[in-house]
Amino acid sequence: MEWEGPMAETSKTKRAVASVTDQEALDFHARGRPGKLEITPTKPMATQRDLSLAYSPGVAAPVKAIAEDPSRAYDYTSRGNMVAVISNGTAILGLGNLGALASKPVMEGKSVLFKRFADVDSIDLEVDTENVEEFINCVRYLGPSFGGINLEDIKAPDCFIIEQRLRELMDIPVFHDDQHGTAIIAAAGLMNALTLTGRDFKTTKLVCNGAGAAAIACIELIKAMGFNPENVILCDTKGVIYQGREDGMNQWKSAHAVKTDRRSLKEALDGADVFFGLSAKGALTSEMVQSMAPQPIIFAMANPDPEITPEEVARIRDDAIVATGRSDYPNQVNNVLGFPYIFRGALDVRATTINDAMKIAAAEALANLAKEDVPDDVAAAYQGNRPRFGSQYIIPVPFDPRLISAIPVAVAQAAMETGVARRPLLDLDAYARELKARRDPIASTLQNIYARVRRHPKRVVFAEGEEEQMMRAAVSYANQQLGTAILVGREDRMRETAARAGIDLDRPGIALLNARISKRNDAYTDYLYARIQRKGYLFRDAQRLINNDRNHFAACMVALGDADAMVTGLTRNYSTALEDVRRCIDPKPGHRIIGASLALCRGRTVLVADTAVHDMPSAEELADIAEEAAGLARKLGYEPRVAMLAYSTFGNPSGERSERVREAVKILDKRRVDFEYDGEMAADVALNPKIMEQYPFCRLSGPGNVLVMPAFHSAAISTKMLQELGGSTVIGPLLVGLDKSVQIVSMGAKDSDIVNMAALAAYNAGV
Ligand SMILES: NC(=O)C1=CN([C@@H]2O[C@H](COP(=O)(O)OP(=O)(O)OC[C@H]3O[C@@H](n4cnc5c(N)ncnc54)[C@H](OP(=O)(O)O)[C@@H]3O)[C@@H](O)[C@H]2O)C=CC1
Ligand SMILES: CC(=O)C(=O)O
Ligand SMILES: [Mg+2]
C-alpha cells in the first residue's frame, strides 16, 4: 500500500472526503449573491480624477496606443489574463444535452477554477444555439476580449468542427477542454499506470468506451505519444467501432475504426489491459472487469458518476488500478488538473495556440510530479497523508500546490520551442518562482486543518443550536466527517426551524441537546458555582446560567470534557460571549488570551493581533500578544515574522504612544523568544520590502506576516477596512490562549464562516 498514515488503514476504495447532498449544493449556489462569480475592478474608481483616467477622456490614450500596436492590449487591458469559458450545453458533463442555460453552473464553476488554481481571470459565456455555424460566428469575433477561449461541454461531433474552425479563425488559443484537457490528464495517468504494471505504449491493449469529444481526443493523444493504433478499440452506444460499420458513424469515429470481429464492449474487453470510460454511468459491468487481463487499468471517467465505482471493481478483483473523474476517490483523472495551468502557461508567453507539443509537455510534467517525493507543505493537499507513487497515487490531486509551478513552465517552454510564443520568457526559474507566489496560502492552510481534524474527529458543541446558520454549519461539519456536531437548544424549536429551512438533522454526526433537561446540569452547576461563588453569584444564579444560558452550558460541557470544543457568537457580541466563556474556562497556564485575525489579500496572508481582547495593551501585554500570535502562526504552518506596529518607525516621528511598542520589543529581547520580531514600525514598512530596505538594521528577514497592533481600536479598524475596502477575506478573530478550545464567530456570521471556526476550534482541541 502506498499511503502512509491513516489512509494506509483504509481500503483502496474508501472515499477521501464526504460527498455533498443535492440540497447542500443548491444552497451553496443560492446563498448570498447567487452563482459563483462576480467582477471587481482592479483600479480605484473613487474620484473624478479616477474616472477621468479610467474612462473619458483618459481612456482615449490606451485606445490610440492599441490601435497603433495591437500588442499593447496586453499592457493596457485585462485581455492577457482573461479566458472565456464557452458552451452551448449540448454535453453537460455526462448529463447530456440540457441546453445553454442549464450549463451555466458548470461554466461558472470552470471560471472560478481558473481563478482559484492558476489566477487566470475568466468569464463564462453560454451561447444558445445548437447550430454549428451560428456558434462559430458568435465566438469568432470575440478574440479582442480574451487571451484564450476554453470551449466546454459541446457534444461530438459538433465540437470537432467548432474547435477546428475557431482555431483557424482566431489568433489566440482555442482549446476544447473536454477533448484536450481530458486527454492530457488521462495520458499522464496512463503513463504512470503503465509504468507501475510494467507495460509499454507499443503493446498495451486499450478499449475506450465512448466515441465523443473526450474519447476521440484521448485516443488521438495516446496514439500521438506512441500507442499502437491496432491495439485501441473504440466503442459507442452501438458497440465496437469496426472497419465497415455504418450505423451511427462519423468521420472522427471512422478514423479510429479497427479490423476486428469483436462487436460489443463485453467482447472488446476480453483480455484488454486498459479500459477508458468516457461514456456514461454504469457502462462497465463486473463481468467485463473480470474478463480483463491481470493488473487491469480502469479509468472510469464519466461525470458525475463513473462507468463503474472503485468499490464495485474491488469486489471483483484486487489487482486493478482504478481512476475516476471524481474528487472523492483516489486517482482523480479530471481535466481540472490541466486547464487552469495549461492556459496559465499559454497566456504568460502570449501563445497563439495550444499545440500538441504543449499538451504532451503538460502530460509529462503531470506524470512526473506523481513520481516525486511529497514535501511537507504539499502533504496537506493529500488529507495530511504522504502519498507515494503507486496504484493509489498515479496522479497528483488538484489541490497539489506544485501544479502551479510545474505545468505552466512546461507548457510555456514547449510553446517557445515550437515557435508559438509571442512573448518568450528568458528566465524559466524566475517564472517558476513567480508562479508559486500566485498560490493562495490560506486555502492550503485551511485544507490542512480540515484534513487533520478529519483524521482526529472532534465533538464540537454549537451553542446557539436553534439558529438556522448554526444548524447548517453543524450539518456541514458532520457531512465533512470532521466529527460530531452537538447542537444545543430546545429540540422542538430546532426541529421546527430545521423543517422550515429544509435542513435534515437526522443524520449521522449530529446530536441535539436540550440544556434544560440534560442529565449533566447538576455537575455543570456545581462546577460553575465553585468558580463564581466569590464573585457575587448565588447557587441559584449558577443554576439559572446553566439552565438558561447556552454559552455557559456549552462552555461547561467543554470544561468537563463532554465536548472537545465549542463555537458561539452568532447572536451575541464578541465581548459578551467571551465573558460567558471566561466564567467557565481559564487561560492556559502561562498564556494570555488574545484574538488574532487571519487576513488574506491578493494571495498574501497576515495574522493581525490582538483583534478581540486587550483594549489598550501595556508593553508587557504587547509582548505577550506577540508571543501568542507567533505561536498561532506556527501552528497554522507559517514561520512568524512579527512586526510590532505603530504610527512611527524606529523612533520617527517620536511620540509617547509608540513608547509602549518600543518597550514591548525590549521585553521580547529580554525574553529571548525564538521567533523574528522587530519594531516599532509603520504598516507600510512592515509589509513593503522596498520600504523596509530603508532600514537595513531591521531584524525581519522579510515582510511581516504577524502584525501586532498597538491597541484594539487600530486592530479592529484596520482588519475591517481590509475586509471592506481591500477585498480581503478575514477569518477570525481566533481566540488563542484559553485552556479549552472555544471560538467565537462574529454576529450574523455565515454558515461557511462558522464551519471554518468549528474546524479551527476542533483543530485547536488537539489533533
Ligand atoms: N474526467 C474528465 O475529466 C472528463 C470526463 N468526461 C466525461 O465523459 C463523458 C462523455 O463526455 P463528452 O465526450 O464530452 O460527450 P459527447 O457527447 O461528446 O460523447 C459522448 C459519447 O459517449 C457515448 N456513450 C454515451 N453513453 C454510452 C454508453 N452507455 N455506452 C457506450 N457509449 C456511450 C456516445 O455514444 P454515441 O456516439 O453512440 O452517441 C458518445 O460517443 C461524460 O460522462 C463526461 O462527463 C468528459 C470530459 C472530461
Ligand atoms: C470534467 C468535465 O469537463 C466533464 O465531465 O465534462
Ligand atoms: Mg466538460
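Please read these numbers as outputs of a predicted model, since none were measured by experiment.

(A) The domain arrangement of the chain, seen in detail. By the assigned domains, the chain splits into domain 1 (180-337 + 373-398), domain 2 (449-584) and domain 3 (594-737). If you average the C-alpha positions of domain 1 and of domain 2, the two centres end up 48 Å apart.

(B) Inspection of the UniProt feature "active site" (unreviewed entry) in the chain at higher detail. Per the UniProt record, "active site" (unreviewed entry) is annotated on Lys-110. Mapped onto the fold, Lys-110 is located in helix 6 (residues 104-118). Residue classification places Lys-110 among the buried residues on the basis of a relative accessible area of 9%. The contact partners of Lys-110, leaving out residues within four places of it in the chain, are Val-85, Glu-152, Asp-177, Asn-335 and Phe-339.

(C) Structural view of the side chain of Asp-124. The residue Asp-124 is located in strand 2 (residues 121-126) in this model. Only 2.6 Å separates the side chain of Asp-124 from the side chain of Lys-104, close enough to count as a polar contact. With residues near it in sequence (within four places) discarded, Asp-124 still touches Leu-37, Val-85, Lys-104, Met-107, Glu-108 and Ser-111.

(D) Main features of the UniProt feature "binding site: NADP(+)" (unreviewed entry) in the chain. The sites that carry the UniProt feature "binding site: NADP(+)" (unreviewed entry) are, in the present numbering, Ile-92, Leu-93, Gly-94, Leu-95, Gly-96, Asn-97, Leu-98 and Gly-99. Excluding its chain neighbours within four sequence positions, the residues that come into contact with Ile-92 are Leu-98, Gly-99, Ala-102, Ser-103, Val-106 and Asp-153. Within the secondary structure, Leu-95 is located in the loop between strand 1 (82-87) and helix 5 (99-102). Contact partners of Leu-95, with chain neighbours within four places excluded, come to Asn-303 and Pro-304.

(E) Quick peek at the site of ligand 2. In the vicinity of ligand 2, the contacting residues are Leu-93, Lys-110, Glu-152, Asp-153, Asp-178, Asn-303, Asn-334 and Asn-335. With respect to ligand 2, the side chain of Asp-178 contributes an N or O atom lying 2.9 Å from an oxygen atom. Asn-303 places a polar side-chain atom, nitrogen or oxygen, 2.8 Å from an oxygen atom of ligand 2. Residues that form the shell around ligand 2 fall into these classes: 1 nonpolar, 3 polar and 4 charged.

(F) Representation of the pattern of salt bridges in the model. Going through the model one piece at a time under the given rule, you end up with 51 salt bridges. Taking the shortest distance from any N to any O, the salt bridge between Arg-72 and Asp-75 comes out at 3.0 Å. Of the residues examined, Arg-72 reaches a relative accessible area of 30% and is grouped as partly exposed. A salt bridge links Asp-177 to Lys-110; its shortest N-O distance comes to 2.9 Å. Here Asp-177 is found in helix 9 (residues 177-196), whereas its partner Lys-110 is found in helix 6, with 67 residues between them in sequence. Here Asp-177 and Lys-110 have matching classes, each one buried. Via salt bridges that share partners, Arg-592, Glu-620, Glu-621, Asp-624, Glu-627 and Arg-671 belong to a single interconnected network.

(G) Up close: the sheet that holds strand 15 (residues 594-601). Taken in spatial order, the 6 strands line up as 18-17-19-16-15-20 in an open sheet, and their pairing is mixed. The sheet terminates laterally at strand 18 (676-681) and strand 20 (729-736), the two strands that pair on one side only. Averaged over all pairs of adjacent strands, the angle between strand axes in this sheet comes to 20°, irrespective of strand direction.

(H) View of the coordination of the magnesium ion (ligand 3). Around the magnesium ion (ligand 3), the protein contributes the donor atoms Glu-152 (OE), Asp-153 (OD) and Asp-178 (OD), which lie 1.9 to 2.1 Å from the metal centre. Owing to a relative accessible area of 1%, Glu-152 belongs among the buried residues under this scheme. In this structure Asp-153 comes out as buried when scored by relative accessible area, which is 2%.

Thresholds, definitions, all that
Residues numbered from 1 in each chain as written. Chains lettered and ligands numbered in written order. Predicted model: local features only at pLDDT ≥ 70, side-chain atom pairs only at ≥ 80, totals over all residues. Heavy atoms only, no water. Domains from an automatic or database assignment. UniProt positions renumbered as here; feature names shortened; annotations may be inferred. Helix = DSSP H or I, 4+ residues; strand = E, 2+ residues; numbered from the N terminus. Buried < 20%, exposed > 50% of the residue type's maximum accessible area, 1.4 Å probe, protein only. Contact = heavy atoms within 4.5 Å. Polar contact = N/O pair within 3.5 Å; in protein donor to acceptor, adjacent residues only side chain to side chain. Near = heavy atom within 4 Å. Nonpolar A, V, L, I, M, F, W, Y, C, P; charged D, E, K, R; others polar. Salt bridge = Lys/Arg side-chain N within 4 Å of Asp/Glu carboxyl O. Pairing = 2+ DSSP bridges. Axes fitted to C-alpha atoms, helices over the stretch in contact; angles between N-to-C directions. Donors = N, O, S within 2.8 Å, 3.2 Å for Na, K, Ca; no water.

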